[in-house]
Amino acid sequence: MALRSLDNALPLAQERPKKQAKMSVAAKLNVVNDENVAHLPPVTILEAVDYISPDDLQPLADHNLKIQSLMEGLESKDWVKVCESLNDARRFALFHYDLLLPISDKVMLVQVKAMKNPRSALCKIAIMATSDIFKSYGDKLLDDTNSDALDQMLLQLLLKASQDKKFVCEEAEKALKIMVDFIAPLLILQKLRVYCTHANPRTSLSTIDALAVVKIVS
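Residues numbered from 1 in each chain as written. Predicted model: local features only at pLDDT ≥ 70, side-chain atom pairs only at ≥ 80, totals over all residues. Heavy atoms only, no water.

Looking at an unreviewed UniProt entry, one finds the protein chain named TOG domain-containing protein and attributed to Heracleum sosnowskyi.

**Here's the deal with the pattern of salt bridges**
Applying the stated criterion across every chain, the model contains 5 salt bridges. One salt bridge in this structure joins Asp132 and Arg90, with 2.5 Å as the shortest N-O distance. Here the residue Asp132 occupies a position in helix α6 (residues 120-137), and Arg90 occupies one in helix α3 (residues 79-95), the gap between them amounting to 42 residues. A single burial state applies to Asp132 and to Arg90, both of which are buried. Each of Lys66, Asp88 and Arg91 takes part in salt bridges that share partners, so that together they form one network. (Salt bridge = Lys/Arg side-chain N within 4 Å of Asp/Glu carboxyl O. Helix = DSSP H or I, 4+ residues; strand = E, 2+ residues; numbered from the N terminus. Buried < 20%, exposed > 50% of the residue type's maximum accessible area, 1.4 Å probe, protein only.)

**Quick look at the confidence of the model for the protein chain**
Residues with a pLDDT of 70 or more make up 68% of the protein chain, whose mean pLDDT is 78. Within the protein chain, no element has a lower average pLDDT than helix α1 (residues 25-29), which sits at 40, and none a higher one than α3, at 97. Confidence over residues 21-46 falls short of pLDDT 50; this stretch has 4 contacts with residues more than four positions distant or in other chains. (pLDDT = per-residue confidence, 0-100. Contact = heavy atoms within 4.5 Å.)

**Some details on the packing of aromatic side chains**
Under the criterion given, the structure shown has 1 aromatic pair. The side chain of Lys124 reaches across the aromatic face of Tyr51, ending 4.5 Å from its centre. (Phe/Tyr/Trp six-rings, centres within 6.5 Å; stacked < 30°, edge-to-face > 60°. Lys NZ or Arg CZ within 6 Å of the ring centre and 35° of its normal.)

**Some points on the side chain of Asp88**
Looking at the secondary structure, you find Asp88 in helix α3. On the basis of relative accessibility, which here comes to 11%, the residue Asp88 falls in the buried class. Looking at Asp88, its side chain comes within polar contact range of the side chain of Arg91, at 2.9 Å. (Polar contact = N/O pair within 3.5 Å; in protein donor to acceptor, adjacent residues only side chain to side chain.)

**Thoughts on the packing of α6 against helix α8 (residues 166-182)**
Where α6 contacts α8, the axes come no closer than 8 Å and their chain directions differ by 10°. Judged by the inter-axis angle, α6 sits roughly parallel to α8. Residues Ser120, Cys123, Lys124, Ile127, Met128, Thr130, Ser131, Phe134 and Lys135 of α6 form the contact with α8, whose own contacting residues are Phe167, Val168, Glu171, Ala172, Ala175, Ile178, Met179 and Phe182. Looking at the contact of α6 with α8 residue by residue, the class counts come to 11 nonpolar, 3 polar and 3 charged. (Axes fitted to C-alpha atoms, helices over the stretch in contact; angles between N-to-C directions. Parallel < 35°, antiparallel > 145°, perpendicular 65-115°, else oblique. Nonpolar A, V, L, I, M, F, W, Y, C, P; charged D, E, K, R; others polar.)

**As for the side chain of Gln156**
Residue placement: Gln156 occurs in helix α7 (residues 147-160). You can call Gln156 buried: its relative accessible area is 8%. In contact with Gln156, not counting residues within four places along its chain, are Val112, Met115 and Lys116.

**Points about the nonpolar core**
In this structure, Leu86, Leu100, Phe134 and Met179 are the most contacted members of the largest nonpolar core, which totals 52 residues. Elements supplying a minimum of two residues to this core: α2 (63-74), α3, α5 (104-116), α6, α7, α8 and α9 (185-193). Ranked by the residues each element gives to this core, the list is headed by α6, at 10 residues. Not counting chain neighbours up to four residues away, the residues in contact with Met179 comprise Phe134, Leu154, Ile188 and Leu192. (Core = buried A, V, L, I, M, F, W, Y, C linked by side-chain atoms within 4.5 Å.)

**Concerning the environment of Ser104**
Take Ser104: it is sitting in helix α5. Separated by 11 residues in sequence, Ser104 and Ala93 have C-alpha atoms that sit 9.0 Å apart. Polar side-chain contacts of Ser104 include one of 3.2 Å to the side chain of Asn146.

Written as C-alpha coordinates, this is what we have:
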(Lines give C-alpha, C1' and ligand atoms only; values in the text may rest on other atoms or scores of the structure.)
Protein backbone atom coordinates (compact mmCIF):
# COMPACT_ATOMS: atom_id res chain seq x y z
CA MET A 1 0.00 0.00 0.00
CA ALA A 2 1.37 3.33 -1.04
CA LEU A 3 2.02 5.73 1.68
CA ARG A 4 -0.07 8.80 1.73
CA SER A 5 1.70 11.86 0.50
CA LEU A 6 2.65 14.31 3.21
CA ASP A 7 1.70 17.15 0.91
CA ASN A 8 -1.97 16.29 1.40
CA ALA A 9 -1.75 16.30 5.19
CA LEU A 10 -3.54 19.08 7.03
CA PRO A 11 -1.17 21.80 8.16
CA LEU A 12 -0.53 21.92 11.81
CA ALA A 13 -2.21 24.82 13.57
CA GLN A 14 0.37 27.33 14.72
CA GLU A 15 0.38 27.84 18.45
CA ARG A 16 -0.59 31.34 19.37
CA PRO A 17 2.03 33.19 21.32
CA LYS A 18 1.11 33.50 24.96
CA LYS A 19 0.34 36.97 26.17
CA GLN A 20 2.76 38.24 28.71
CA ALA A 21 1.17 39.36 31.91
CA LYS A 22 1.25 43.09 32.33
CA MET A 23 3.62 44.22 35.03
CA SER A 24 2.27 46.79 37.37
CA VAL A 25 4.22 49.95 38.04
CA ALA A 26 4.77 48.82 41.60
CA ALA A 27 6.19 45.52 40.41
CA LYS A 28 8.51 47.28 37.99
CA LEU A 29 9.87 49.38 40.80
CA ASN A 30 10.69 46.23 42.73
CA VAL A 31 12.97 44.90 40.01
CA VAL A 32 16.48 44.83 41.45
CA ASN A 33 19.11 46.45 39.32
CA ASP A 34 22.34 47.13 41.14
CA GLU A 35 23.28 49.85 38.69
CA ASN A 36 20.07 51.84 38.97
CA VAL A 37 18.76 51.20 42.48
CA ALA A 38 20.11 53.45 45.23
CA HIS A 39 21.19 51.39 48.19
CA LEU A 40 20.17 53.20 51.37
CA PRO A 41 22.42 52.75 54.40
CA PRO A 42 20.99 50.73 57.28
CA VAL A 43 19.11 52.81 59.80
CA THR A 44 20.96 53.16 63.07
CA ILE A 45 19.60 54.59 66.27
CA LEU A 46 22.03 56.94 67.96
CA GLU A 47 21.63 57.36 71.68
CA ALA A 48 22.51 60.79 72.93
CA VAL A 49 25.02 61.29 75.71
CA ASP A 50 25.72 64.54 77.48
CA TYR A 51 29.14 66.17 77.68
CA ILE A 52 28.48 68.11 80.87
CA SER A 53 30.85 70.90 81.80
CA PRO A 54 32.12 70.76 85.41
CA ASP A 55 30.44 74.13 86.00
CA ASP A 56 27.07 72.61 85.08
CA LEU A 57 27.31 69.59 87.34
CA GLN A 58 25.10 69.63 90.42
CA PRO A 59 25.29 67.73 93.75
CA LEU A 60 23.32 64.51 94.03
CA ALA A 61 20.25 64.77 96.22
CA ASP A 62 20.32 61.04 97.09
CA HIS A 63 24.10 60.66 97.25
CA ASN A 64 24.11 58.23 100.20
CA LEU A 65 21.87 55.84 98.28
CA LYS A 66 23.45 56.48 94.88
CA ILE A 67 26.95 55.58 96.02
CA GLN A 68 25.79 52.01 96.71
CA SER A 69 24.83 51.41 93.08
CA LEU A 70 27.57 53.49 91.44
CA MET A 71 29.94 50.61 90.67
CA GLU A 72 27.09 48.53 89.27
CA GLY A 73 26.31 51.33 86.83
CA LEU A 74 29.97 51.82 85.92
CA GLU A 75 30.37 48.11 85.15
CA SER A 76 27.16 47.90 83.09
CA LYS A 77 27.26 46.35 79.60
CA ASP A 78 25.12 49.26 78.38
CA TRP A 79 27.63 51.94 77.33
CA VAL A 80 25.05 54.73 77.69
CA LYS A 81 24.47 53.63 81.29
CA VAL A 82 28.23 53.71 81.86
CA CYS A 83 28.33 57.30 80.55
CA GLU A 84 25.59 58.31 82.98
CA SER A 85 27.42 56.61 85.86
CA LEU A 86 30.69 58.33 84.91
CA ASN A 87 28.89 61.67 85.17
CA ASP A 88 27.63 60.59 88.58
CA ALA A 89 31.21 59.71 89.56
CA ARG A 90 32.18 63.24 88.55
CA ARG A 91 29.45 64.63 90.82
CA PHE A 92 30.72 62.51 93.70
CA ALA A 93 34.29 63.68 93.12
CA LEU A 94 33.30 67.35 93.06
CA PHE A 95 30.57 67.47 95.71
CA HIS A 96 30.70 64.26 97.80
CA TYR A 97 34.44 63.83 98.11
CA ASP A 98 34.52 61.49 101.12
CA LEU A 99 32.01 59.01 99.68
CA LEU A 100 33.98 58.35 96.50
CA LEU A 101 37.47 58.25 98.03
CA PRO A 102 37.27 54.65 99.41
CA ILE A 103 36.44 53.30 95.93
CA SER A 104 38.48 55.77 93.88
CA ASP A 105 40.88 53.05 92.68
CA LYS A 106 37.98 50.96 91.35
CA VAL A 107 36.47 54.00 89.66
CA MET A 108 39.78 54.82 87.96
CA LEU A 109 40.09 51.26 86.62
CA VAL A 110 36.63 51.63 85.08
CA GLN A 111 37.76 54.92 83.55
CA VAL A 112 40.77 53.13 82.03
CA LYS A 113 38.47 50.52 80.50
CA ALA A 114 36.18 53.24 79.13
CA MET A 115 39.11 55.14 77.61
CA LYS A 116 40.11 51.98 75.74
CA ASN A 117 36.59 51.63 74.33
CA PRO A 118 36.29 52.37 70.58
CA ARG A 119 33.24 54.57 71.24
CA SER A 120 34.59 58.11 71.19
CA ALA A 121 31.70 59.46 73.28
CA LEU A 122 32.37 57.02 76.10
CA CYS A 123 36.10 57.67 75.88
CA LYS A 124 35.64 61.44 76.10
CA ILE A 125 33.36 61.30 79.16
CA ALA A 126 35.83 58.98 80.89
CA ILE A 127 38.60 61.52 80.24
CA MET A 128 36.40 64.34 81.56
CA ALA A 129 35.93 62.27 84.71
CA THR A 130 39.70 62.01 85.17
CA SER A 131 39.97 65.80 85.11
CA ASP A 132 37.42 66.13 87.92
CA ILE A 133 39.15 63.42 89.96
CA PHE A 134 42.49 65.22 89.57
CA LYS A 135 40.86 68.44 90.79
CA SER A 136 39.28 66.82 93.83
CA TYR A 137 41.94 64.41 95.03
CA GLY A 138 45.26 65.82 93.82
CA ASP A 139 48.21 64.30 95.69
CA LYS A 140 45.96 61.74 97.41
CA LEU A 141 45.86 59.84 94.11
CA LEU A 142 49.51 58.92 94.66
CA ASP A 143 48.66 56.81 97.72
CA ASP A 144 49.66 53.15 97.51
CA THR A 145 46.03 52.03 97.17
CA ASN A 146 45.63 54.07 93.98
CA SER A 147 49.11 53.59 92.54
CA ASP A 148 48.38 50.89 89.94
CA ALA A 149 45.08 52.43 88.85
CA LEU A 150 46.70 55.85 88.49
CA ASP A 151 49.55 54.41 86.41
CA GLN A 152 47.09 52.79 84.01
CA MET A 153 44.98 55.92 83.81
CA LEU A 154 48.02 58.11 83.15
CA LEU A 155 49.19 55.80 80.35
CA GLN A 156 45.78 55.99 78.65
CA LEU A 157 45.74 59.78 78.91
CA LEU A 158 49.16 59.95 77.24
CA LEU A 159 47.98 57.60 74.49
CA LYS A 160 44.78 59.55 73.88
CA ALA A 161 46.65 62.86 73.85
CA SER A 162 48.58 61.61 70.82
CA GLN A 163 45.77 60.05 68.78
CA ASP A 164 44.10 61.34 65.63
CA LYS A 165 40.57 61.99 66.94
CA LYS A 166 40.82 65.69 67.64
CA PHE A 167 38.09 66.11 70.25
CA VAL A 168 39.40 63.14 72.25
CA CYS A 169 42.98 64.33 71.90
CA GLU A 170 42.10 67.84 73.11
CA GLU A 171 40.21 66.46 76.12
CA ALA A 172 43.18 64.28 77.09
CA GLU A 173 45.58 67.22 76.81
CA LYS A 174 43.26 69.26 79.01
CA ALA A 175 43.18 66.47 81.62
CA LEU A 176 46.99 66.26 81.67
CA LYS A 177 47.25 70.01 82.26
CA ILE A 178 44.75 69.79 85.12
CA MET A 179 46.77 66.91 86.58
CA VAL A 180 49.88 69.10 86.57
CA ASP A 181 47.96 71.93 88.25
CA PHE A 182 46.57 69.81 91.08
CA ILE A 183 49.38 67.32 91.79
CA ALA A 184 52.73 68.45 93.18
CA PRO A 185 55.25 68.79 90.28
CA LEU A 186 57.98 66.67 91.88
CA LEU A 187 55.54 63.84 92.52
CA ILE A 188 54.13 63.78 89.02
CA LEU A 189 57.60 64.05 87.46
CA GLN A 190 58.47 60.66 88.92
CA LYS A 191 55.37 59.17 87.29
CA LEU A 192 55.90 60.76 83.90
CA ARG A 193 59.59 59.92 83.48
CA VAL A 194 58.76 56.22 83.22
CA TYR A 195 56.92 56.87 79.94
CA CYS A 196 59.68 58.86 78.24
CA THR A 197 61.08 55.64 76.79
CA HIS A 198 57.76 53.93 76.16
CA ALA A 199 57.60 51.49 73.23
CA ASN A 200 54.90 53.61 71.61
CA PRO A 201 56.67 56.70 70.18
CA ARG A 202 53.49 58.76 70.38
CA THR A 203 53.28 58.09 74.10
CA SER A 204 56.87 59.22 74.52
CA LEU A 205 56.14 62.48 72.69
CA SER A 206 53.05 63.13 74.83
CA THR A 207 55.13 62.47 77.94
CA ILE A 208 57.81 64.94 76.86
CA ASP A 209 55.11 67.57 76.26
CA ALA A 210 53.63 66.90 79.70
CA LEU A 211 57.07 67.11 81.33
CA ALA A 212 57.60 70.46 79.66
CA VAL A 213 54.38 71.72 81.25
CA VAL A 214 55.45 70.40 84.66
CA LYS A 215 58.78 72.23 84.41
CA ILE A 216 57.05 75.46 83.49
CA VAL A 217 54.69 75.16 86.45
CA SER A 218 57.45 74.24 88.88
